[in-house]
Amino acid sequence: MKRLLDPIARVHLRATTRQLSSRALEAQCLCGSVQLRLDADAEPSHAAAFCHCTICRAFHGAPFAMEAGFPVDACETSGATASYRSSRHFERRRCAACGTPCGAVHHKLGAIFLPTALFAKPGAPSPPPGFEPTMHIFYERRVVGDAFEQDGLPKYHRMPP
Ligand SMILES: [Zn+2]
Ligand SMILES: [Zn+2]
C-alpha cells in the first residue's frame, strides 16, 4: 500500500535534495541506472568544447559532441557501464542497459570527458559552470557545414595549439 508523506517529511526531502545538489552536479543516463556525480567545485581540466572528430560522432551517434574534461577523481560514476577503448588510453563508457554515453576516461591524462548535455537543465539560462562551450575542435571534420560560422568561438582544425 502506498504511504503518503506527511508535510514535514516532504519538507525534509526537499531540503535533502537541495543540500546534495549544492555539493555535486548530478546527471543520469536515459534509463537511470547510471548516475554521475561531479564535485560542484571541480574546475575543468579541459575546457568545454564542441568536438567534431569522427570518433565522437560515431560514439554519440550525433553530428558533434559537447564535452568538458574534469579530473577523474572529481566525478563519481555508479551503475553498470560497458567500455570501449577508442585508443590505447581512451576508455569510452556507456550505460550497459540503455547505451547512453556516460563519460570517457583518458587514463594518461587522468581526466574524464563528460557529455555536457547530460548535466544541462532544459530551459536554464546557461549551462552549469564549466560546461559552457568555449571552442570547436577537429573542426575540419565537421558535418554541419557552416552552421557554427557566426558563433564567435575559436575553431581549431584539430586540437588547440
Ligand atoms: Zn541507462
Ligand atoms: Zn572528439
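None of these values were measured; they are calculated from a predicted model.

## Some points on the overall build of the protein
Right, on to step 1. Of regular secondary structure, the protein possesses three helices and ten strands.
Right, on to step 2. Order of helices (α) and strands (β) in the protein, N terminus to C terminus: α-β-β-β-α-β-β-β-β-β-β-α-β.
Right, on to step 3. The buried share of the protein, taken over its 161 residues, is 27%.

## Quick notes on the environment of Met135
Right, on to step 1. Tracing the chain through its elements places Met135 in strand E10 (residues 135-137).
Right, on to step 2. Note: C-alpha distance between Met135 and Leu153 (18 residues apart in sequence) is 5.1 Å.
Right, on to step 3. When sequence neighbours within four positions are dropped, the list of residues in contact with Met135 reads Ala47, Ala49, Leu153, Pro154, Tyr156 and Pro160.

## Focus: the nonpolar core
Right, on to step 1. Within the largest apolar cluster, 30 residues are counted, with the highest numbers of intra-cluster contacts made by Leu36, Leu38, Cys51, Phe70, Cys75, Ile112 and Leu114.
Right, on to step 2. At the level of elements, strand E1 (24-28), strand E2 (35-39), strand E3 (46-51), strand E4 (65-71), strand E8 (101-106) and strand E9 (111-115) are the ones that each hand at least two residues to this core.

Criteria and thresholds
- Residues numbered from 1 in each chain as written.
- Chains lettered and ligands numbered in written order.
- Predicted model: local features only at pLDDT ≥ 70, side-chain atom pairs only at ≥ 80, totals over all residues.
- Helix = DSSP H or I, 4+ residues; strand = E, 2+ residues; numbered from the N terminus.
- Buried ≥ 20, exposed ≤ 12 C-beta atoms within 10 Å, placed from the backbone.
- Contact = placed C-beta atoms within 7 Å.
- Core = buried A, V, L, I, M, F, W, Y, C linked by C-beta atoms within 7 Å.

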